[in-house]
Amino acid sequence: MTKKYKKINKIEGYISASPLPSEKELRKLYADYYYQDPKNSSYQIEYDELEIRYKELECNKLMYALDVAQEVIGKTFLDVGSGEGFLLNAAVKKDLKVTGLDYSSFGMEKFFPHLTPHAIIGDIYESLDMLIAQGKRFSMCTSTNVLEHVLSPKLFLSSIKKVMEPDGVLAIRVPNDFSDIQQLSLKSGMIDSESWFVPPHHLNYFNTDTLPTYMKNNGFEVIDSFTDFPIDIYLLHKGSNYIKDPLCGSDANSARINHDLMIHKKNGMDNYLNYYRAMFNVGIGRNITIIARIASE
């Protein structure tokens with residue numbers, strides 16, 4: 001029997017699925033879907049040249065923002081949920097001492113096998129606890145598209161805080177869900193349901209309004225924020241609505257990639273990042289990134 005979920009507005013300011021799965025159920029989901037090869041995996045087997053360039057651009061955008069955000073330049077880098085290793089590889093190119101945490105090495109072995117010695121494979125919470133016990137601290141920490149999956153965002157952020165240098169910086173990226181574009185698409189009848197509400201795959205839902213406040217309430221000072229391409233804007237046009245017509249998805253993805261590569265090539269990284277900072281300010285973008293440091297008490 002398929003479990004039925006409902007959305008609840010948490011007092012902490014974000015939307016959560018209810019009921020939450022047990023830890024055992026969640027680990028089985030990870031094992032069956034997210035972290036194993038090949039057919040059930042969330043990782044792709046191959047990317048074409050443009051997709052690789054786009055992924056590298058997104059990683060370089062984040063690394064650039066982290067550099068700008070640092071008051072004290074550090075050389076240690078932790079990626080919680082390192083996946084295929086694209087972000088770790090970008091950090092290595094900047095001569096950083098890197099560590100990645102993930103539930104499986106499958107994606108990294110496929111794309112960046114030389115980085116596997118820098119990966120700690122297993123339960124992310126257990127790996128974080130091990131680093132805490134060892135007294136390890138990192139000047140830069142990142143976690144891209146992990147916070148939406150965890151049972152307790154508060155516990156997750158608390159654990160990451162314990163492995164950050166006091167003057168370190170943290171980048172958190174999550175989907176921009178229950179956003180203005182999504183709500184308009186639903187209200188205008190361009191989509192029939194809240195297609196982004198997908199428990200148990202995603203348990204927690206943040207957007208440009210709620211994530212900065214949540215970070216502040218959990219002991220962080222937000223120092224930068226930006227988004228990425230608002231691919232869900234295509235839902236507002238019948239000819240490009242990839243929810244009602246999945247065949248539109250490939251063209252939407254190609255348009256996103258070419259759009260971003262064009263802007264970066266012509267305008268450089270600073271203007272490219274400012275473009276997406278402006279989008280954050282008006283609530284537009286499929287994913288949102290917050291860069292923060294531990295707040296002074």
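Anyway, here's the lowdown on the structure attached to this text. (Residues numbered from 1 in each chain as written. Predicted model: local features only at pLDDT ≥ 70, side-chain atom pairs only at ≥ 80, totals over all residues. Heavy atoms only, no water.)

To continue, consider the overall build of the protein chain. Helix and strand counts for the protein chain come out as nine helices and ten strands. For the protein chain, whose C-alpha radius of gyration is 19 Å, the value lies close to the compact-globule estimate of 19 Å for 297 residues. Considering the protein chain as a whole, with its 297 residues, one finds that 52% of them fall into the buried category. Contacts spanning at least 24 positions in sequence make up 72% of the contacts within the protein chain whose residues lie at least 6 apart. Entry remark: accessible area of the protein chain is about 14,500 Å², with carbon and sulfur atoms responsible for 52%. (Helix = DSSP H or I, 4+ residues; strand = E, 2+ residues; numbered from the N terminus. Rg over C-alpha atoms; globule rule 2.2 N^0.38 Å. Buried < 20%, exposed > 50% of the residue type's maximum accessible area, 1.4 Å probe, protein only. Contact = heavy atoms within 4.5 Å. Areas by Shrake-Rupley, 256 points an atom, 1.4 Å probe, with all protein chains shown as cover.)

This brings us to the pattern of salt bridges. When the charged atoms of two side chains lie near each other, side chains of opposite charge can form a pair. Across all of its chains, the model carries eleven salt bridges by this definition. Across the salt bridge formed by K7 and E194, the nearest N and O atoms sit 3.2 Å from each other. Placement of the pair is K7 in strand 1 (residues 6–9) and E194 in the loop between helix 7 (180–187) and strand 8 (204–205), with a sequence separation of 187 residues. E194 gets classed as partly exposed once you look at its relative accessible area, which sits at 23%. (Salt bridge = Lys/Arg side-chain N within 4 Å of Asp/Glu carboxyl O.)

Turning next to helix 5 (residues 124–133). An α-helix turns once per 3.6 residues; consequently, residues spaced three or four apart project the same way. All of the buried residues along helix 5 are I124, S127, L128 and L131. Each buried residue of helix 5 lies within a common arc of 100° when the element is viewed along its axis, so the set occupies one face. The elements touched by buried residues of helix 5 are strand 3 (76–80), strand 4 (97–102), strand 5 (119–121), strand 6 (138–144) and helix 6 (153–161). Capping the start of helix 5, D123 holds a side-chain oxygen 3.0 Å from the backbone nitrogen of Y125, two or three residues further along. (Arc of directions from axis to C-beta. Polar contact = N/O pair within 3.5 Å; in protein donor to acceptor, adjacent residues only side chain to side chain.)

Right, let's get into the packing of aromatic side chains. Using the criterion set out here, one finds 14 aromatic pairs in the structure. Aromatic side chains F178 and Y205 sit 5.7 Å apart centroid to centroid with 85° between the ring planes, which places their arrangement in the edge-to-face category. Of this pair, F178 sits in the loop between strand 7 (164–175) and helix 7 while Y205 is found in strand 8, placing the two residues 27 residues apart along the sequence. Y205 matches F178 in its accessibility class, with the two residues each being buried. Over the ring of F220 we find K161, and its NZ or CZ is 5.0 Å from the ring centre. (Phe/Tyr/Trp six-rings, centres within 6.5 Å; stacked < 30°, edge-to-face > 60°. Lys NZ or Arg CZ within 6 Å of the ring centre and 35° of its normal.)

Let's shift gears to the state of the cysteines. Applying the stated criterion across every chain yields a total of zero disulfides. Of all cysteine sulfurs in the structure, the one in C141 sits closest to C59, which takes part in no disulfide; the separation is 16 Å. (Disulfide = S-S within 2.5 Å.)

Tracing the backbone shows E25 in helix 1 (residues 23–34). Side-chain polar atoms of E25 contact the side chain of K3, separated by 3.4 Å.

Here the focus is helix 7. For helix 7, every residue scored as buried is listed here: I181, Q182 and S185. Looking down the long axis of helix 7, one finds its buried residues gathered within 100° of arc, a one-sided arrangement. Away from its buried face, by an angle of more than 90 degrees, helix 7 presents the exposed residues D180 and K187. The positive-phi residue at the C-terminal boundary of helix 7 is G189, with phi of around 80°.

This part is about the nonpolar core. Ranked by size, the top nonpolar core spans 39 residues in total, and within it L62, M63, L66, F77, L96, F226 and I291 carry the most contacts. Of all the secondary-structure elements, those providing two or more residues to this core are helix 2 (49–69), helix 3 (86–92), helix 4 (106–111), strand 7 and helix 9 (249–281). With nine residues, helix 9 is the largest single contributor of residues to this core. If near-sequence neighbours (up to four positions away) are discounted, F77 is found in contact with M63, L66, L87, L88, A91, L96, K97, V98, T99, F138, M140 and T142. (Core = buried A, V, L, I, M, F, W, Y, C linked by side-chain atoms within 4.5 Å.)

In contact at an axis separation of 9 Å, helix 5 and helix 6 are set at 30° when each is read in the N-to-C sense. Considered as vectors, helix 5 and helix 6 are oriented roughly parallel to each other. As for the relative orientation of helix 5 and helix 6, their crossing is left-handed in sense. Together, I124, Y125, L128 and I132 of helix 5 and L155, F156, S159 and I160 of helix 6 make up the contact between the two elements. When grouped by side-chain class, the residues that make up the contact of helix 5 with helix 6 number seven nonpolar, one polar and no charged. (Axes fitted to C-alpha atoms, helices over the stretch in contact; angles between N-to-C directions. Parallel < 35°, antiparallel > 145°, perpendicular 65-115°, else oblique. Left-handed = near helix turned anticlockwise from the far one by under 90°. Nonpolar A, V, L, I, M, F, W, Y, C, P; charged D, E, K, R; others polar.)

Here we come to the environment of K93. Inspection of the secondary structure assignment puts K93 in the loop between helix 3 and strand 4. A residue is classified by how much of its surface remains accessible, and K93, at 60% relative accessible area, is exposed. Linking K93 and K10, residues 83 residues apart in sequence, is a C-alpha distance of 40 Å.

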